[in-house]
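Summary of the model geometry
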Amino acid sequence: MDSVPILEDEPGRLAALKRLDILDTEAEEPFEHIVSLVRSVLNVPIAAVSLIDADRQWFKARAGLDASETPRSVSFCSHAIRDTQPFLVENALDDTRFANNALVTGDPNIRSYAGIPLRTPEGYNVGALCAIDRQPRQFTDSEVAMLKNLAKIVEKEMELRRIAERDVLTGALTRRAFAERALAEIDRFHRYARKCTLVLADLDHFKSVNDTYGHIAGDCVLREVARLVTDMKRDGDILGRLGGEEFAVLLPETSAASACAAVERFRRKLEEHSIALPGGEVLKVTASFGIAEVKSVFSSVDDWLEAADKPLYAAKRLGRNRAETAD
């Protein structure tokens, strides 16, 4: 059953977009394939999967466009997300909403546009699948129907992507998905010198939890630890499960010193927190942490993980239940 559209809740729409964890990610074949199909089948020079953030339009996939994003204020797709029906413009020069738009008067010289809203399962329009021509054009009913069918495929791919990126047990990002975010932060540092700190966390003596209470209890502990991190982290912080009892958190716009303070608050919270196990027992656990701020010498995610791994193992050697920072 189709979700009921929600058109008047911008904070909710932005939250739904954030939950997709898709903004500023690398190109992916399913989305690239769809925009290529749009160009070919509708015979248009430009096609895109556009996502509308708070103040920008970002393209998950694009063909015939150089820019990876534009201001939201000039976006045709920002109009498309306001309705449930296809948004069609036959000649932008004859439309008072777009005649003076920079994307019309200059590159890429948009004249006609067809956009289908991309709706999340909750009912929020987060973007549009769009076909753009540099000539005035009336899109036929069959062309619009075809674009709608392709938009449904995009919606399914976005949801499948979200599910595939999440660790089933804890809801944290998988190792692969987390590595993608970390690589994006390394790139952002090299481009714009924006700070980011990586925190590795390893639960202390976790094997004894499984040996003493069983793996079901161990799973309960992992879920509860992930929940505590999620409750305490900022919206922009990124939690991943790297494997077993090892977690990682990216703290954008954060120095190592500020990360230390945040980690210490969480360390104390975890140390004091009682975890109820399925059998009725109550358990407390601790964790050790390694902290490493992004550096210019890092060319890969493995470089960054290694930098945080060293202080993590130092924390283990020094008695556990503590945090250490990379030199």
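A brief report on the enclosed structure follows. (Residues numbered from 1 in each chain as written. Predicted model: local features only at pLDDT ≥ 70, side-chain atom pairs only at ≥ 80, totals over all residues. Heavy atoms only, no water.)

**What to know about the overall build of the protein**
Across its full length, the protein holds 10 helices and 13 strands. Expressed as lengths along the three principal axes of its C-alpha atoms, the size of the protein is roughly 70 × 45 × 30 Å. Across the 327 residues in the protein, those meeting the buried criterion constitute 50%. Distance between charge centroids for the protein: 2 Å, based on 44 positive and 53 negative side chains. (Helix = DSSP H or I, 4+ residues; strand = E, 2+ residues; numbered from the N terminus. Buried < 20%, exposed > 50% of the residue type's maximum accessible area, 1.4 Å probe, protein only. Lys, Arg positive; Asp, Glu negative; His and termini not counted. Charge placed at Lys NZ, Arg CZ, Asp CG, Glu CD.)

**Notes on the pairing of strand β7 (residues 196-203)**
Among the 8 residues of β7, 8 are classified as buried, and the element is accordingly described as predominantly covered. Side chains of β7 alternate between two faces, with Cys196, Leu198, Leu200 and Asp202 and Thr197, Val199, Ala201 and Leu203 buried alike. Here β7 pairs with strand β9 (residues 246-252) via 7 bridges, running antiparallel. Note on β9: the bridge partner recorded for Ala201 is Phe247. As judged from the 7 bridges shared by β7 and strand β12 (residues 287-293), these two strands associate in the antiparallel manner. Within β12, the residue paired with Thr197 across the bridge is Glu293. (Pairing = 2+ DSSP bridges.)

**Thoughts on the sheet that holds strand β13 (residues 323-325)**
The mixed open sheet is built from 5 strands, whose spatial order is β8-β9-β7-β12-β13. Both outer strands of the open sheet, β8 (238-243) and β13, are each paired with one neighbouring strand and no more. Neighbour-to-neighbour, the strand axes of the sheet open up by a mean angle of 20°, direction not taken into account. Its contacts with the sheet put helix α6 (residues 175-192) on β7, β8 and β9, and the angle it makes with β9 is roughly 30°. Contacting β7, β9, β12 and β13, helix α9 (residues 256-272) runs over the sheet at an angle of about 170° to β12. (Axes fitted to C-alpha atoms, helices over the stretch in contact; angles between N-to-C directions. Contact = heavy atoms within 4.5 Å.)

**Some points on the nonpolar core**
Formed by 31 residues in total, the largest nonpolar core has its most connected members in Val38, Leu51, Leu129, Leu147, Val154 and Met158. No other element matches the 6 residues that helix α5 (residues 141-165) contributes to this core. In this view, Leu147 contacts Val38, Leu42, Ala114, Ile116, Leu129 and Ala131; residues no more than four positions away in its chain are not counted. Core analysis: the second largest hydrophobic core is formed by 30 residues, Ala172, Val209, Leu270 and Leu277 among them. (Core = buried A, V, L, I, M, F, W, Y, C linked by side-chain atoms within 4.5 Å.)

**Here we look at α5**
Here α5 is 25 residues long and its end C-alpha atoms lie 36 Å apart, about the 36 Å a rise of 1.5 Å per residue gives. Turning to α5, its buried residues are Glu143, Val144, Leu147, Leu150, Ala151, Val154, Met158, Arg161 and Glu165. (Expected span 1.5 Å × (residues − 1).)

**Some remarks on the layout of surface pockets**
When its volume is computed, the largest pocket comes out at roughly 1800 Å³. For the lining of the largest pocket, the secondary structure elements donating two or more residues are α1 (10-19), β2 (56-63), α6 and β8. Top element by residues in the lining of the largest pocket is α6. It accounts for 8 residues. Partitioned by chemical class, the residues of the lining of the largest pocket number 18 nonpolar, 6 polar and 22 charged. (1 Å grid on protein atoms, 1.4 Å probe; cavity = no way out; pocket = protein on both sides within 12 Å on 5 of 7 lines; lining within 4 Å. Points joined across faces, edges and corners; volume = space filled by probe spheres on them. Nonpolar A, V, L, I, M, F, W, Y, C, P; charged D, E, K, R; others polar.)

Coordinates in, geometry out; function isn't part of it.
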